[in-house]
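# Examination of the molecular architecture
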Amino acid sequence: MRLNFGLLLALACVAHAHAAGRLVVENAWIRAAPPGAMMLAGYATLRNTGDAPVVVTGASSPDFGDVSLHESVNQSGVERMRALGDIVIAPGASVVFAPGGKHFMLMGARRDLKIGDSVEFHIATKAGGGADARFVVSDAAP
Ligand SMILES: [Cu+2]
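A brief look at the structure comes next. (Residues numbered from 1 in each chain as written. Predicted model: local features only at pLDDT ≥ 70, side-chain atom pairs only at ≥ 80, totals over all residues.)

## What to know about the overall build of the protein chain
Secondary structure assignment for the protein chain yields 1 helix and 10 strands. Secondary structure elements of the protein chain, listed N to C terminal, follow the sequence α-β-β-β-β-β-β-β-β-β-β. Relative to its full complement of 142 residues, the protein chain shows a buried share of 24%. Sequence separation of at least 24 residues holds for 69% of the intrachain contacts in the protein chain that already meet a minimum separation of 6. (Helix = DSSP H or I, 4+ residues; strand = E, 2+ residues; numbered from the N terminus. Buried ≥ 20, exposed ≤ 12 C-beta atoms within 10 Å, placed from the backbone. Contact = placed C-beta atoms within 7 Å.)

Below is the structure:
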């Protein structure tokens, strides 16, 4: 029987395949604010469609000097924000960034943004790769 090297190669590849997370960014938007606003907030749903955990470590955008991941918390009736550490998203799970909770804190805008504009973002992950996303400026969630 002749060896089928193509088949052997395919089997070897399957044997070496490993579980991997896959980050998908959905419903990404930035709340519209008056021109010159010191800071803006972005929201999105981060979904892991892979078969291993995804660890989100941060985000960046060419349109902002600084992007950080925050969570609003109510402490004794006072609204405060705290920085989020790494966010672990289990396979099949999603993490929602929405008004009143987790948000992307956007500072140092490099251009004025008006409703309908879109902004490129890169969401960084521990495994590298991450995900690119387009956030649309809006006065309400999509
Ligand atoms: Cu914040």
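## So, the nonpolar core
Counting residues in each nonpolar core, the largest one holds 25 residues, and the members touching the most others are Val 25, Ile 30, Ala 44, Leu 106, Ile 123, Ala 133 and Phe 135. Only β1 (23–31), β2 (39–48), β3 (54–60), β4 (64–75), β8 (102–109), β9 (118–125) and β10 (131–138) provide two or more residues apiece to this core. Among the elements that take part in this core, β1 stands out by supplying 5 residues, more than any other. Once residues within four sequence positions are removed from consideration, Ile 123 is found in contact with Leu 23, Val 25, Leu 46, Val 56, Ala 59, Gly 130, Ala 131 and Ala 133. (Core = buried A, V, L, I, M, F, W, Y, C linked by C-beta atoms within 7 Å.)

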